[in-house]
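Coordinate analysis (summary)
Here are the chains, one letter per residue:
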Amino acid sequence: MHATLLIGGTLVELSPPRLVRADLLIARDRIVDLSTEIPTTSTLDCSGCLIVPGLVLGHTHLYSSLATGLSLPGPAPTTFKEILERIWWRLDQALDERSLRTSALIGGMAAVRAGVTTIVDHHESPNFIDGSLDVIADALREVGVRAYLSYGTTDRHGPAGAQAGLRENERFLGTTDPLIKGMVGLHAPFTASDQTLAATADLASKKGAWLHFHAAEGPDDQQAAQERWGTRLLPKLDQLGLLGPHTLLAHGVDLDASERDLLQARGSWVTHQPRSNQNNGVGYAHRLLGLEQVALGTDGIDQDVMAELKAACWAARAHTGPAIWPDPIGRLSAGHQLLQALSGDTFGSLTPGSPGDLTVFQYDPATPLSANNLGGHLLFGLGSQHVRDVFVAGRPLLRNRRLVGLDERATHAQALEIAAQLWRKLS
Ligand SMILES: [Zn+2]
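Residues numbered from 1 in each chain as written. Predicted model: local features only at pLDDT ≥ 70, side-chain atom pairs only at ≥ 80, totals over all residues. Heavy atoms only, no water.

**Some words on the side chain of Ser-384**
- Mapped onto the elements, Ser-384 comes out in the loop between helix H12 (374–380) and strand E18 (387–392).
- Here the side chain of Ser-384 touches Asp-304 through a polar contact of 2.7 Å, side chain to side chain.
- Residues contacting Ser-384, with those up to four places away along its chain left out, are Arg-113, Ala-114, Asp-304 and Met-306. (Helix = DSSP H or I, 4+ residues; strand = E, 2+ residues; numbered from the N terminus. Polar contact = N/O pair within 3.5 Å; in protein donor to acceptor, adjacent residues only side chain to side chain. Contact = heavy atoms within 4.5 Å.)

Right under this line is the structure:
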């Protein structure tokens, strides 16, 4: 049995905010009572550290990990649709098994370095669909992180492409891995036919699975909804059976008040990724303000939830003005609540019986820290640069800032070659 005793440090519970100075024992995959007798235990000195339930990244695209610094020839895109067409839809078409595997590995490693213990990924590789989620899963197993994977089904490449996407989602739902699970993915309503939208909803319903899709990210979704159905987007998605308590909708930038109310009424989850929205120039997702079931994603900008947290709070302040103070603790804690909903397990707590997913920040501030001012430290002090150790299901993935069982230098050297090949293919 692997067991680790974390000595010292401060346990940080986010919901409700609570700081406790205590030791922590994890045995097998769970946090256990300190009095539990365990024959062999390794110990970890966490003096001067904050121990937080492992961070949840609610929406990302690991396939974009090799795009950092990518610059393509031709005119720069001027609309959100052009950004998709000239960058992301070219990149995803160029992916093959090798480049996808490397992307997932590099992205998974970056996530763990940023303190992330669960990745909710949304994937597309139109020229390598069958088995693509297995390739991502295998790479993430090397890293050891927990993950929810789905394929973004779309009609961008005709009905055969959409069928292949649906099949890949259905196939991967049968995965039996304690850490890696499937969801039913859809790219976005404006790139899917009515038939594909209905088939996606049917598949999720038949399998009792979660849905994961982009919606109302830019203007295109609402425009397409008006043209195709003569209605706003979300009522139509609701009619098609795509909105419910097992829906994870990414973005929701372009919503009206009634669509926001509809999301709330259906108990759907939303992910918010303000840095991506800013980068794409699609505006601020102001209708999400005040909604509870809103977790943070990074949309593949990077895998740094702590950076997204700060960006989310600054974006909210820029929109609301200085009188309204954002809630960084609630935003981070929403990721744990999403994971609880996805898994049915008690994530987000550090009490005995909870899963052994935790992030250790080496953070010894020069100013007082308490439950009352934790939000201020999350915004102005603590960051991914402080992540020292990461555990998932009791297993250490990062120890003293080193990834366990991975040769990071060799992996990066190999990734550099594969990224250069991928970029040549694109240009
Ligand atoms: Zn996305």
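The rest of the description comes next.
**Topic: the domain arrangement of the protein**
- For the protein, the assigned domains are domain 1 (3–53 + 352–403) and domain 2 (55–342).
- A straight line from the C-alpha centre of domain 1 to that of domain 2 covers 29 Å.
- Contacts between domain 1 and domain 2 engage 29 residues on the former and 27 residues on the latter.
- Approximately 2,200 Å² of surface area, both sides summed, lies buried where domain 1 meets domain 2, with 70% of it carried by carbon and sulfur atoms.
- In this assembly, domain 1 and domain 2 are joined by one salt bridge.
- Here Asp-357 ties to Arg-146 by a salt bridge, and the two come within 2.7 Å at their closest N and O atoms.
- Broken down by secondary-structure element, the contributors of at least two residues to the side of domain 1 that touches domain 2 are strand E7 (49–53), strand E17 (358–362), H12, E18, strand E19 (395–399) and strand E20 (402–403).
- It is H12 that contributes the most residues to the side of domain 1 that touches domain 2, five residues altogether.
- Looking at the side of domain 1 that touches domain 2 residue by residue, the classes come out as 20 nonpolar, five polar and four charged. (Domains from an automatic or database assignment. Buried area = accessible area lost by both parts, 1.4 Å probe. Salt bridge = Lys/Arg side-chain N within 4 Å of Asp/Glu carboxyl O. Nonpolar A, V, L, I, M, F, W, Y, C, P; charged D, E, K, R; others polar.)

**A look at the pairing of E18**
- Counting buried positions along E18 gives six out of six residues, so the element sits mostly inside the fold.
- Inspection of the sheet shows E17 paired to E18 by four bridges, in the antiparallel sense. The partner of Val-360 across the bridge, within E18, is Asp-389.
- Pairing geometry for E18 and E19, over three bridges, is antiparallel. In the strand pairing of E19, Val-392 is matched with Arg-395.
- Linkage of E18 to E19, two consecutive antiparallel strands, is achieved through a turn of two residues, within which Ala-393 is found at a positive phi near 50°. (Buried < 20%, exposed > 50% of the residue type's maximum accessible area, 1.4 Å probe, protein only. Pairing = 2+ DSSP bridges.)

**With respect to the packing of helix H2 (residues 97–113) against helix H13 (residues 408–426)**
- In contact at an axis separation of 10 Å, H2 and H13 are set at 135° when each is read in the N-to-C sense. Classified by the angle between their axes, H2 and H13 sit oblique to one another. Along this stretch, H2 crosses H13, giving a crossing that reads as left-handed. Contacts from Arg-98, Ser-99, Thr-102, Leu-105, Ile-106, Met-109 and Arg-113 in H2 reach Glu-408, Thr-411, His-412, Ala-415, Ile-418, Gln-421 and Leu-422 in H13.
- Per-class residue counts for the contact of H2 with H13 are six nonpolar, five polar and three charged. (Axes fitted to C-alpha atoms, helices over the stretch in contact; angles between N-to-C directions. Parallel < 35°, antiparallel > 145°, perpendicular 65-115°, else oblique. Left-handed = near helix turned anticlockwise from the far one by under 90°.)

**Digging into the sheet that holds strand E13 (residues 211–215)**
- Spatial ordering of the open sheet is given by E12-E13-E14-E15-E16, a layout of five strands whose pairing is parallel. Sheet topology places strand E12 (184–186) and strand E16 (294–296) at the edges, where each strand pairs with a single neighbour. Averaged over neighbouring strand pairs, the angle between their axes works out to 25° when direction is ignored.
- Where strand E15 (residues 269–272) meets E16, three bridges bridge the pair, whose relative direction is parallel. Bridge assignment links His-272 to a residue of E16, and that residue is Leu-296.
- Packing against the sheet, helix H5 (residues 194–207) makes contact with E12 and E13, and its axis sits at approximately 165° to E12.

**Description of the packing of aromatic side chains**
- This model, assessed by the stated rule, comprises two aromatic pairs.
- Ring geometry for Trp-314 against Phe-380: centres 5.6 Å apart, planes inclined by 40°, an arrangement best described as tilted. Here Trp-314 is found in helix H10 (residues 305–320), whereas its partner Phe-380 is found in helix H12, with 66 residues between them in sequence.
- On the basis of relative accessibility, which here comes to 39%, the residue Trp-314 falls in the partly exposed class.
- Pairing Trp-325 with Phe-380 gives two aromatic rings, centres 6.4 Å apart and planes at 25°, and the pair type is stacked. Here Trp-325, found in the loop between H10 and helix H11 (328–343), pairs with Phe-380, found in helix H12; they are 55 residues apart in sequence, far enough to count as distant.
- Clustering of aromatic rings is evident, with ring pairs tying together Trp-314, Trp-325 and Phe-380. (Phe/Tyr/Trp six-rings, centres within 6.5 Å; stacked < 30°, edge-to-face > 60°.)

**Remarks on the sheet that holds strand E10 (residues 146–151)**
- Read from one edge to the other, the open sheet built from four strands follows the order E8-E9-E10-E11, with strand pairing classed as parallel. If you trace the sheet from one side to the other, it starts and ends with strand E8 (55–60) and strand E11 (180–182), each paired once. For this sheet, the mean angle separating the axes of adjacent strands, direction not counted, is 15°.
- Of the strand pairs in this sheet, E10 and E11 are connected by three bridges, and their pairing is parallel. Of the residues in E11, the one forming a bridge with Ala-147 is Ile-180.

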